[in-house]
Amino acid sequence: MIKKVFPVLALSIFASMLGIGIIVPLLPLYAENLGATGIWLGVIFAGFSIARTITTPIAGRLSDRRGRKLLLSIGLLSSAIISLGYMAESLWGLTLVRLLHGAAAGMIQPVAQAYIGDLSPKGEEGKWMGYFYAAFFAGFGCGPLMGGLLTDNFGMNVSFFAMGGLNLLAFLIVAFLLPEIGKRKMAAAPPASFREMSGSGMVKGLFSFQLAFSLGRGIFATFLPIFAGIHIGLSPTLIGILVAVNILLMSLLQIYGGNIADRLNRRVLLTVSSLGIAASLALIPLGSNFWQLLGICALGGISGAMSNPAASALGVEEGRRFGMGSTLAILAMAFSLGMGVGPLLGGVIYDFINVNSVFYFGAAVGVIGTALFVWFARLKS
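Residues numbered from 1 in each chain as written. Predicted model: local features only at pLDDT ≥ 70, side-chain atom pairs only at ≥ 80, totals over all residues. Heavy atoms only, no water.

**Some words on the overall build of the protein**
On a plain count of helices and strands, the protein comes out with 16 helices and 0 strands. The C-alpha atoms of the protein give a radius of gyration of 19 Å, which matches the 21 Å a tight globule of 381 residues would have. Dimensions along the principal axes, computed over C-alpha positions, put the protein at roughly 55 × 45 × 35 Å. Across the 381 residues of the protein, 62% fall into the buried class. The contacts of the protein with a sequence gap of at least 6 include a subset with a gap of at least 24, amounting to 88%. As presented, the protein carries roughly 14,200 Å² of accessible surface, and 69% of it is formed by carbon and sulfur atoms. With 24 positive and 13 negative side-chain charges, the protein shows a spacing of 10 Å between the two charge centroids. (Helix = DSSP H or I, 4+ residues; strand = E, 2+ residues; numbered from the N terminus. Rg over C-alpha atoms; globule rule 2.2 N^0.38 Å. Buried < 20%, exposed > 50% of the residue type's maximum accessible area, 1.4 Å probe, protein only. Contact = heavy atoms within 4.5 Å. Areas by Shrake-Rupley, 256 points an atom, 1.4 Å probe, with all protein chains shown as cover. Lys, Arg positive; Asp, Glu negative; His and termini not counted. Charge placed at Lys NZ, Arg CZ, Asp CG, Glu CD.)

**Regarding the packing of aromatic side chains**
Taken as a whole and judged by the stated rule, the model has 9 aromatic pairs. The interplanar angle of 90° and the centroid separation of 5.2 Å between the aromatic rings of Trp 40 and Trp 92 together place this pair among those described as edge-to-face. Of this pair, Trp 40 sits in helix 3 (residues 38-66) while Trp 92 sits in helix 5 (residues 91-105), and the two are 52 residues apart along the sequence. On the accessibility criterion, Trp 40 (22% relative accessible area) is partly exposed. Owing to a relative accessible area of 67%, Trp 92 belongs among the exposed residues under this scheme. Ring pairs connect the aromatic residues Tyr 30, Tyr 86 and Phe 160, which therefore count as one cluster. (Phe/Tyr/Trp six-rings, centres within 6.5 Å; stacked < 30°, edge-to-face > 60°.)

**Re helix 6 (residues 109-119)**
With respect to burial, helix 6 is a largely interior element, 11 of its 11 residues being buried. Three or more residues of helix 6 are buried, namely Gln 109, Pro 110, Val 111, Ala 112, Gln 113, Ala 114, Tyr 115, Ile 116, Gly 117, Asp 118 and Leu 119.

**So, the pattern of salt bridges**
Summed over all chains, the structure comprises 1 salt bridge. Across the salt bridge formed by Asp 262 and Arg 266, the nearest N and O atoms sit 2.6 Å from each other. The exposure class assigned to Arg 266 is buried, which follows from its relative accessible area of 10%. (Salt bridge = Lys/Arg side-chain N within 4 Å of Asp/Glu carboxyl O.)

**Comments concerning the confidence of the model for the protein**
Predicted confidence across the protein gives a mean pLDDT of 81, with 92% of residues reaching 70 or more. When pLDDT is averaged over each element of the protein, helix 16 (residues 355-377) comes out on top at 91 and helix 9 (residues 194-197) at the bottom at 63. (pLDDT = per-residue confidence, 0-100.)

**Describing the nonpolar core**
Leu 72, Leu 242 and Ile 284 are the most contacted members of the largest nonpolar core, which has 110 residues in total. The dominant element in this core, judged by the number of residues it contributes, is helix 10 (residues 201-231), at 14 residues. (Core = buried A, V, L, I, M, F, W, Y, C linked by side-chain atoms within 4.5 Å.)

**Considering the environment of Gly 338**
As for its placement among the helices and strands, Gly 338 is situated in helix 15 (residues 324-352). Classification of Gly 338 as buried rests on a relative accessible area of 0%. Expressed as a C-alpha distance, the spacing of Gly 338 and Ala 212, which sit 126 residues apart in the sequence, is 6.4 Å.

**Focus: the environment of Ala 46**
Its place among the elements puts Ala 46 in helix 3. For the pair Ala 46 and Met 339, spaced 293 residues apart in the sequence, the C-alpha separation amounts to 6.5 Å. Among residues more than four places away in sequence, those in contact with Ala 46 are Met 339, Gly 340, Pro 343 and Leu 344.

**A look at a nonpolar patch on the surface**
On the surface, Leu 77, Ile 81, Leu 168, Leu 172, Phe 176 and Leu 177 cluster together to form a nonpolar patch covering roughly 590 Å² of accessible area. Its location among the elements puts Leu 77 in helix 4 (residues 68-82). (Patch = residues over 30% accessible without salt bridge, like charges linked within 9 Å, V, L, I, M, F, W, Y side chains within 5 Å.)

**Concerning the packing of helix 13 (residues 266-283) against helix 16**
Across the interface, helix 13 lies against helix 16 with an axial gap of 7 Å and an inter-helix angle of 170°. Classified by the angle between their axes, helix 13 and helix 16 sit roughly antiparallel to one another. Residue-level contacts link Arg 267, Leu 270, Thr 271, Ser 274, Leu 275, Ala 278, Leu 281 and Ala 282 of helix 13 to Phe 359, Tyr 360, Gly 362, Ala 363, Gly 366, Val 367, Thr 370, Phe 373, Val 374 and Ala 377 of helix 16. Along the lines of polarity and charge, the residues of the contact of helix 13 with helix 16 split into 12 nonpolar, 5 polar and 1 charged. (Axes fitted to C-alpha atoms, helices over the stretch in contact; angles between N-to-C directions. Parallel < 35°, antiparallel > 145°, perpendicular 65-115°, else oblique. Nonpolar A, V, L, I, M, F, W, Y, C, P; charged D, E, K, R; others polar.)

**Digging into the side chain of Ser 79**
Tracing the backbone shows Ser 79 in helix 4. Beyond its immediate chain neighbours, meaning those up to four positions away, Ser 79 contacts His 101, Ala 104, Ala 105, Ile 108 and Asn 167.

**Topic: the environment of Met 87**
Residue position: Met 87 is located in the loop between helix 4 and helix 5. By relative accessible area, which is 25% here, Met 87 ends up partly exposed. Sequence separation between Met 87 and Val 158 is 71 residues, and the spatial gap between their C-alpha atoms is 9.9 Å. Ignoring any residue separated from it by four or fewer positions in sequence, one finds Met 87 in contact with Tyr 30, Asn 157, Phe 160 and Phe 161.

This is the structure:
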C-alpha cells in the first residue's frame, strides 16, 4: 500500500514545504525593515515554533485515535489561510501570524511522518523516511530560491501570496487524493502514555538530538540571512541560493542516507553526522564571501541528509512500541522547541555580543546534544 499512498503524500508535503520555504530568506529582512532588533527577530521566529510545540503532541495523539487524514487536511488548509496575514505592517501583527502558522504546522509534518511510519515495512524504515525527507526538504529547499527571485522581481507580497497558494494546493491534494488508512494498520493502538515513552532511553536520546539539531537549524535560518546580507552584503537572491543549496543537498541525499541507515548501525551514523552539522555552524563566521559560505552550507546539508533518516528510522522503531503518531509527535515537539529556543537565545547573544557568537553557541549545543544521544541510547529501556 505504501507505494500507492506515498506519491500522493510526498506531492502534498512538497507543495506545502515549497510554500513555507519561500519566506525563509525573506522574513528576517522583512522584520528588520519593520524595526526588529535581534531579540525581536528571535521572538518572531520562536513564536512559530513555540505554537507548533504546543499543538504537535496533541495532533499526534489525536491522529492515533481519530485518523491521520483529518488532522493533516486541517493543518494544510489553515496554513493556506494564515499565509495571507504575513503582510502585517507591525511587529506585533507579524508575531501573531507566526503563532497561528506554527499552530497549524503542528498538524502537518508529524502526522505525515506517522502516516509513512504506519506503512513502512520492517527493515525499510530508513528507506521510506529518506524518501519522505527528500520530498520535505526538496520543497523547503526550492522555496528560498523561489522566494528570493519573486521578491527581487515582483516584491515581497507576491511571495506571501505564493506561499498561501501552494499550501492550498497541498490541501486539495490530500483532501481528494490521499486515502485514510485503517486503524488496524496504525501501530501500537491504543497509544502509550507520554510517561511510558519517557522511560525509553532511545526516546530520550532522540529527543536530545532533535532538540540540539533544531536549535542549530533555528539559528541557521534566522541569522544566516543577517550575517550574509548585512555583514557580507549579499543580495536576497544569493542568500536564497545559500539556503536552497543547504536544504536541497539535504533533500537529494536523503534517499541515499535512508538506504545507508538500513544497512549500517543507525546510532553510529547519527552520531557522526550530527557532529558534521555542528562543525558547519562553527565554520559560518569564518566565511567571508559567497563561495565560502556556499561550501559551508553544503557541508551542513550533507550531514543533515545522513542524520535525519537514521533518527527517523530509530523513531519509527520506538513508534511501533508506543504509538506511531504519539512517538513521532514527541520527537517533532523537540524539533519545534529547539527551533523556538534557538532564535530567542541567538537574538539575545546577537544583541549583547555579536552574530559570530550566535553560530558558535549553536555548534556547542550540537556537540552537547550528540553526547546526550550517545549516553541515553546506550541505556536499556
